[in-house]
Amino acid sequence: DQQVKQNSPSLSVQEGRISILNCDYTNSMFDYFLWYKKYPAEGPTFLISISSIKDKNEDGRFTVFLNKSAKHLSLHIVPSQPGDSAVYFCAAAYSATNKLIFGTGTLLAVQP
Amino acid sequence: DAGITQSPRHKVTETGTPVTLRCHQTENHRYMYWYRQDPGHGLRLIHYSYGVKDTDKGEVSDGYSVSRSKTEDFLLTLESATSSQTSVYFCAISEPGRSYGYTFGSGTRLTVV
């Protein structure tokens, strides 16, 4: 049973526009959420995170929004750049463990 | 990341043979993890370790075993490789209280023929 879901396998955006990546989760015990970015032939790298006590966290061009009632989070990238082209994974955890549960990933392509 | 290395980077092996993948860290992090990445499945946890000789199963542990005899090394063993274990394997490390920010290795691409 997939506890963390990314329903869009891929997304294509023009350079300079906004990229919105979505993620849904089913386990209400999750209290911490993260986004990772992965380039080909490399390991995932941490991008941004949010605690369940917040509904928004911003870091430069990257903003994560959390809607706990809908069990939904999203990553906004503004403005999108060609270097942002990568696979993005959302992940979730709860305080009782130190294990991350990952989604299936979304391949973002930013067109010049 | 220079603090975590995986070896080998690529391996082709035959069905039924044993295979061991190594993860080595220089960060002295307590927690270590093995994930596999497959199309349509994302990253799935195989096994993890909370300290030396302290390991536990993840969501896809069947056919895999692990050992951690030193803080810096976490070994993943496929006792008898099968074609379904063809995948990219990632090791990750973390430290308690660091907001779950894992550091991943560069991965090992394993092909079982």
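How each quantity is defined
- Residues numbered from 1 in each chain as written.
- Chains lettered and ligands numbered in written order.
- Predicted model: local features only at pLDDT ≥ 70, side-chain atom pairs only at ≥ 80, totals over all residues.
- Heavy atoms only, no water.
- Pairing = 2+ DSSP bridges.
- Helix = DSSP H or I, 4+ residues; strand = E, 2+ residues; numbered from the N terminus.
- Axes fitted to C-alpha atoms, helices over the stretch in contact; angles between N-to-C directions.
- Disulfide = S-S within 2.5 Å.
- Buried < 20%, exposed > 50% of the residue type's maximum accessible area, 1.4 Å probe, protein only.
- Core = buried A, V, L, I, M, F, W, Y, C linked by side-chain atoms within 4.5 Å.
- Patch = residues over 30% accessible without salt bridge, like charges linked within 9 Å, V, L, I, M, F, W, Y side chains within 5 Å.
- Areas by Shrake-Rupley, 256 points an atom, 1.4 Å probe, with all protein chains shown as cover.
- Salt bridge = Lys/Arg side-chain N within 4 Å of Asp/Glu carboxyl O.
- Contact = heavy atoms within 4.5 Å.
- Polar contact = N/O pair within 3.5 Å; in protein donor to acceptor, adjacent residues only side chain to side chain.

Chemist: Tell me about the pairing of strand S7 (residues 62-67) of chain A, and name the residues and values.
Modeler: Residues and elements named next belong to chain A. Where strand S6 (residues 56-59) meets S7, 4 bridges bridge the pair, whose relative direction is antiparallel. Bridging from a neighbouring strand, Lys-56 pairs with Phe-65 of S7. Between S6 and S7, which pair antiparallel and follow one another directly, the connecting turn spans 2 residues, one of which, Gly-60, has a positive phi of 65°. Two strands pair when backbone bridges link them, and S7 and strand S8 (residues 72-77) are joined in this way by 6 bridges, in the antiparallel orientation. The partner of Phe-65 across the bridge, within S8, is Ser-74. The loop that links S7 with its antiparallel partner S8 comprises 4 residues; one of these, Lys-71, has a positive phi angle of about 50°.

Chemist: Quick one: what's the story with the sheet that holds strand S1 (residues 4-7) of chain B, residue by residue and with numbers?
Modeler: Residues and elements named next belong to chain B. Taken in spatial order, the 4 strands line up as S1-S3-S8-S7 in an open sheet, and their pairing is antiparallel. The open sheet has two free edges, formed respectively by S1 and strand S7 (64-70), since each of these has just one partner strand. On average, adjacent strands in this sheet sit at an angle of 20° to one another, irrespective of strand direction.

Chemist: Give me the lowdown on the state of the cysteines, citing residues and values where you can.
Modeler: Structurally, a disulfide amounts to a covalent bond that connects the sulfur atoms of two cysteines. Residue and element names in this part refer to chain B. Applying the stated criterion across every chain, the model contains 2 disulfides over all chains. Linked covalently through their sulfurs, Cys-23 and Cys-91 form a disulfide whose S-S length is 1.9 Å. Residues Cys-23 and Cys-91 are joined through a disulfide that is left-handed, its torsion about the S-S bond being -75°. On the criterion of sequence distance, the pair formed by Cys-23 in strand S3 (residues 19-25) and Cys-91 in strand S9 (residues 87-94) is long-range, its members being 68 residues apart. The same class applies to Cys-23 as to Cys-91, namely buried.

Chemist: Talk me through the nonpolar core; I want residue IDs and the actual numbers.
Modeler: Residue and element names in this part refer to chain A. Phe-33, Trp-35, Leu-73, Leu-75 and Tyr-88 are the most contacted members of the largest nonpolar core, which totals 24 residues. Those elements giving two or more residues to this core turn out to be strand S3 (19-25), strand S4 (32-38), strand S5 (45-51), S7, S8, strand S9 (86-93) and strand S11 (106-111). Considering every element that reaches this core, the biggest residue donor is S9, with 4 residues.

Chemist: Explain a nonpolar patch on the surface to me, using residue names and the numbers behind them.
Modeler: Residue and element names in this part refer to chain A. Among the surface-exposed residues, Ile-18, Ile-20 and Val-78 lie close enough to one another that they form a single nonpolar patch of about 220 Å² accessible area. Note on placement: Val-78 falls in the loop between S8 and S9. A residue is classified by how much of its surface remains accessible, and Val-78, at 41% relative accessible area, is partly exposed.

Chemist: Explain the environment of His-24 of chain B to me, and be specific about the residues and the numbers.
Modeler: All names here are of chain B. If you trace the backbone, His-24 turns up in strand S3. Accessibility expressed as a relative area gives 22% for His-24, which makes it partly exposed. Along the sequence, His-24 and Leu-75 sit 51 residues apart, while their C-alpha atoms lie 8.7 Å from each other. Beyond its immediate chain neighbours, meaning those up to four positions away, His-24 contacts Gly-3, Ile-4, Thr-5, Glu-72 and Asp-73. Polar contacts involving the side chain of His-24 include one to the side chain of Arg-22, which spans 3.3 Å.

Chemist: How would you explain the sheet that holds S7 of chain A if you had to name every residue and give the values?
Modeler: The pairing of strands in a sheet comes from backbone hydrogen bonds and takes either a parallel or an antiparallel form. Residues and elements named next belong to chain A. Taken together, the 5 strands give an open sheet; going across it, the order is S1-S3-S8-S7-S6, and neighbouring strands pair in antiparallel fashion. The open sheet is flanked by strand S1 (4-5) and S6, the only strands paired with a single partner. As defined by bridge partners, S1 adjoins S3 across 2 bridges and the pair is classed as antiparallel. Pairing of Val-4 across the sheet is with Tyr-25, part of S3.

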